[in-house]
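Remarks on the overall topology
Spelled out, the chains give:
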Amino acid sequence: MIYFVGAGPGDPQLITVKGKRLLEKADVVVYAGSLVNRELLSWCREDAVIYNSAAMHLEEIIDILKEAQRYGRMAVRLHTGDPSLYGAVREQMDALDKLGIAYEVVPGVSSFLAAAASLKKEYTLPGVSQTVILTRMEGRTPVPEREEIRSLARHQATMAIFLSAGQIGKLCALLCQEYPTDTPAAVVYKASWKDEKIIRGTLENLASLAEEAGIRKTALILVGKFLGDDYELSCLYDKHFSHEYRRADGGGSIG
Ligand code: SAH
């Protein structure tokens, strides 16, 4: 069996219990060497065969998984964060489908979730934003024109921008055309790693702050008033608001 496993954002404790158990059992592990924390590999069996996919192309990765399957070995393909975001996992799953090889996917904690934890913020504040846009700037991978940064920014929703720290100047200039320039923004470099760094500012000064700190990769850019302090209290915990699990009359939990 082949398992695509989300390794989490960096801190080895942030892989799921299921993911860790699979790593401990695996005969073969192919990990995304550019971002997966190698400390996770210390859970692998001594005789596990471990490959770093950083320098491989798709066919080489598939060949390893195919061979593992042929010899009845269990293989883990370890992706950073959650495999469903910028993981190039779909093409691997489709290749296995074509070969008739079964696989499962085990989700992981994405870096944008680790970033919120590091910032100690909530992306969806009542009266501020109830929407999170996950996106990226165009790099070597193109982004469809209808998703260009300016049109997404028009919503002034919470934004988490991946793969774009190297273009932060251009990014902030585009965002400033739609959000007020004093909108709070942050860069979280290596969220949950020991050398994590947080830069806080506004759309106006974030790019220069990040450049001064020398951050060019492995960072997320977070934008929106969720980083500020004005918001409305939630209905969920409002004592005058009843819902399935609580009565408004102070009767406590009915769940
Ligand atoms: N699947 C991953 C994203 C892979 S794309 C996930 O769910 O997080 C790689 C990009 O993710 C990086 O360029 C960076 O923008 C972001 N990233 C990954 N790990 C990160 C971390 N620990 N801290 C901040 N950003 C991270």
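A quick note: this is a predicted structure, and the numbers were derived from the prediction, not measured. (Residues numbered from 1 in each chain as written. Predicted model: local features only at pLDDT ≥ 70, side-chain atom pairs only at ≥ 80, totals over all residues. Heavy atoms only, no water.)

**Comments concerning the overall build of the protein chain**
Under the convention used in this document: Here a strand is any run of E in DSSP of at least two residues, a helix any run of H or I of at least four, and the numbering for each starts at the N terminus. Exposed residues in this analysis have more than 50% of their type's maximum accessible area, buried residues have under 20%, and partly exposed residues fall in between, with area computed by a 1.4 Å probe over protein chains only. Residues count as neighbours in contact if any of their non-hydrogen atoms are within 4.5 Å of one another. The accessible surface values rely on the Shrake-Rupley method and a 1.4 Å probe; as for residues, cover is taken only from the protein chains in view. Neither His nor the chain termini are counted; the positive set is Lys and Arg, and the negative set is Asp and Glu. The atom standing in for a charge is NZ when the residue is Lys, CZ when it is Arg, CG when it is Asp and CD when it is Glu.
Within the protein chain, the regular secondary structure consists of 7 helices and 10 strands. Buried residues in the protein chain amount to 44% of all 255 residues. Across the protein chain, contacts joining residues at least 24 apart in sequence account for 65% of those joining residues at least 6 apart. A total accessible area of about 14,100 Å² is found for the protein chain, and carbon and sulfur atoms account for 50% of it. Computed over 30 positive and 33 negative side-chain charges, the separation of the two mean positions in the protein chain equals 3 Å.

**Regarding the packing of helix α2 (residues 58-70) against helix α3 (residues 90-99)**
Applied cut-off: Simply put, an axis is a line fit to the C-alpha atoms, just over the touching stretch for a helix, and the angle between two N-to-C directions goes from 0 to 180 degrees. Any angle between 65 and 115 degrees counts as roughly perpendicular, while under 35 counts as roughly parallel, over 145 as roughly antiparallel, and the rest as oblique. Note: crossing handedness is left-handed where the near helix turns anticlockwise from the far helix by less than a right angle, and right-handed where it turns clockwise. Put simply, Ala, Val, Leu, Ile, Met, Phe, Trp, Tyr, Cys and Pro go in the nonpolar bin, Asp, Glu, Lys and Arg in the charged bin, and everything else, Gly too, in the polar bin.
Interaxial distance between α2 and α3 falls to 10 Å at its minimum, and their mutual angle equals 50°. Judged on the interaxial angle alone, α3 and α2 are oblique. Once α2 is placed against α3, the crossing between them reads as right-handed. Between α2 and α3, the residues in contact are L58, I61, I62, L65 and K66 and E91, Q92, A95, L96 and L99, respectively. Of the residues contributing to the contact of α2 with α3, the split by class is 7 nonpolar, 1 polar and 2 charged.

**Considering the domain arrangement of the protein chain**
It is common to give the size of an interface as the accessible area that goes away when the parts come together. Short version of the rule: Domain delimitation in this document rests on an assignment produced automatically or drawn from a domain database. As used here, buried area is the combined drop in accessible area, with a 1.4 Å probe, of two parts when they are placed together. The rule for a salt bridge is simple: a side-chain nitrogen of Lys or Arg has to be within 4 Å of a carboxyl oxygen of Asp or Glu. Between N or O atoms, a polar contact is any pair within 3.5 Å; within protein, one atom must be a potential hydrogen donor and the other a potential acceptor, and residues adjacent in sequence are included only when both atoms are from side chains.
Segmentation of the protein chain into domains returns domain 1 (2-106) and domain 2 (111-227). Three residues stand out in domain 1 for area buried against domain 2, namely P9, L85 and Y86, and they jointly supply 60% of the buried area on that side. Summed over the shared surface of domain 1 and domain 2, the result is 1 salt bridge. Between K194 and E39 there is a salt bridge, with its nearest N and O atoms 3.6 Å apart. The tally of links from domain 1 across to domain 2 stands at 2 residue pairs in polar contact (both at pLDDT 80 or more). Of the residues assigned to the side of domain 1 that touches domain 2, the class counts are 6 nonpolar, 3 polar and 2 charged.

**With respect to α3**
Cut-off, in case you're wondering: For this quantity, the arc is that covered by the directions from the helix axis to the C-beta atoms.
Those residues of α3 that fall on the buried side of the exposure criterion are Q92, M93, A95 and L96. Along the axis of α3, the buried positions cluster into a sector of 160°, meaning they face one direction only. For α3, the exposed residues set more than 90 degrees away from the buried face come down to R90 and K98. Of the surrounding elements, those touching the buried residues of α3 are β1 (2-6), α2, β4 (75-79) and β5 (103-106). Looking one or two residues past α3, G100 carries a phi angle of roughly 70°, positive in sign.

**Brief notes about the packing of aromatic side chains**
Test applied: Here is the rule: rings of Phe, Tyr and Trp (six-membered ring for Trp) pair when centre to centre is within 6.5 Å. Planes less than 30 degrees apart are stacked, more than 60 are edge-to-face, and the remainder are tilted. We count a charge as sitting over a ring when the NZ of a lysine or the CZ of an arginine lies within 6 Å of the ring centre and within 35 degrees of the ring normal.
Tallied over the full model, the rule gives 5 aromatic pairs. Relative to Y103, the ring of F4 lies with its centre 5.7 Å away and its plane at 85°, an arrangement referred to as edge-to-face. Note that F4 is positioned in strand β1 and Y103 in strand β5, a separation of 99 residues in sequence. The class for F4 is buried, based on a relative accessible area of 0%. A residue is classified by how much of its surface remains accessible, and Y103, at 22% relative accessible area, is partly exposed. Geometrically, the ring pair formed by Y123 and F226 is edge-to-face, given 5.1 Å between the ring centres and 65° between the ring planes. With Y123 in the loop between α4 (111-119) and β6 (132-136) and F226 in the segment after β10 (219-223), this pair connects stretches of sequence that are 103 residues apart. The exposure class of F226 is buried, given its relative accessible area of 1%. Taken together, the aromatic side chains of Y86, F112, Y123, F162 and F226 make up a single cluster linked through ring pairs. A cation sits over an aromatic face here: K20 above W43, 4.9 Å from the ring centre.

**Overview of the sheet that holds strand β9 (residues 197-202)**
Going by this rule: In short, DSSP must find at least two bridges between two strands for them to pair.
If you walk across this open sheet you meet the 5 strands as β6-β7-β10-β8-β9, and the pairing is mixed. The open sheet has two edge strands, β6 and β9, and neither has a second partner. Taken over all neighbouring pairs, the strand axes of this sheet differ in orientation by 20° on average, direction set aside. The pairing of β6 with strand β7 (residues 158-162) spans 5 bridges and is parallel. Its bridge partner lying in β7, L134 is registered against A160. Most of the contacts of α4 go to β10, to which it runs at about 65°, and overall it touches β6, β7, β8 (184-189), β9 and β10.

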